[in-house]
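One-letter residues, chain by chain:
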Amino acid sequence: MLIDSWMMVVLIVMTLCGAMGGAGLKAYATSRKKLHVLMGLGFYGIGALLNIVLLKFLPLTVVLPANALTYVWTLFIAKFAFREKVGTLRWLGVVCIMGGLCFLVW
């Protein structure tokens, strides 16, 4: 099954919102600023709504496994926004996730 380009964009934005939601809650855990928790919950909410939209057009067997892309975004956010150390095995995990997603989507 070939996915239209607009669905691919929505899928990417959905997973990015999930990762940003987690990042907002992580920021709240360290700063205790209400804005961070509101942003985190807001991004989670947007991601959930986009998930529902995608399920209208794509099979569940594509949309839910594609949520694994959230882990890839999370790794980049952790490394660059929170300055966390990311080891070789985690990068290898990203390669595996991306390979699996390519099998699912194309």
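In this text, all values refer to a predicted model and were calculated from it rather than measured experimentally.

Overview of helix 2 (residues 34-57)
Spanning 24 residues, helix 2 covers 35 Å between terminal C-alpha atoms, matching the ideal 34 Å at 1.5 Å per step. For helix 2, the full list of buried residues reads Gly40, Gly47, Leu50, Asn51 and Leu54. Buried residues in helix 2 make contact with helix 1 (5-31) and helix 3 (60-66).

Re the nonpolar core
The biggest cluster of nonpolar side chains holds 19 residues, and the ones touching the most others in it are Ile3, Met7, Leu11, Met14, Leu54 and Leu58. Residue assignment for this core shows that the elements contributing at least two residues are helix 1, helix 2, helix 3, helix 4 (69-80) and helix 5 (88-105). Not counting the four nearest positions on each side in its chain, leucine 54 is found in contact with Met7, Val10, Leu11, Met14 and Val63.

Re the pattern of salt bridges
Evaluated as defined, the whole model comprises one salt bridge. The shortest N-O distance in the salt bridge between glutamate 84 and lysine 26 comes to 3.6 Å. Highlighted residues: glutamate 84 in the loop between helix 4 and helix 5 and lysine 26 in helix 1, separated in sequence by 58 residues.

Cut-off values and rules
Residues numbered from 1 in each chain as written. Predicted model: local features only at pLDDT ≥ 70, side-chain atom pairs only at ≥ 80, totals over all residues. Heavy atoms only, no water. Helix = DSSP H or I, 4+ residues; strand = E, 2+ residues; numbered from the N terminus. Expected span 1.5 Å × (residues − 1). Buried < 20%, exposed > 50% of the residue type's maximum accessible area, 1.4 Å probe, protein only. Contact = heavy atoms within 4.5 Å. Core = buried A, V, L, I, M, F, W, Y, C linked by side-chain atoms within 4.5 Å. Salt bridge = Lys/Arg side-chain N within 4 Å of Asp/Glu carboxyl O.

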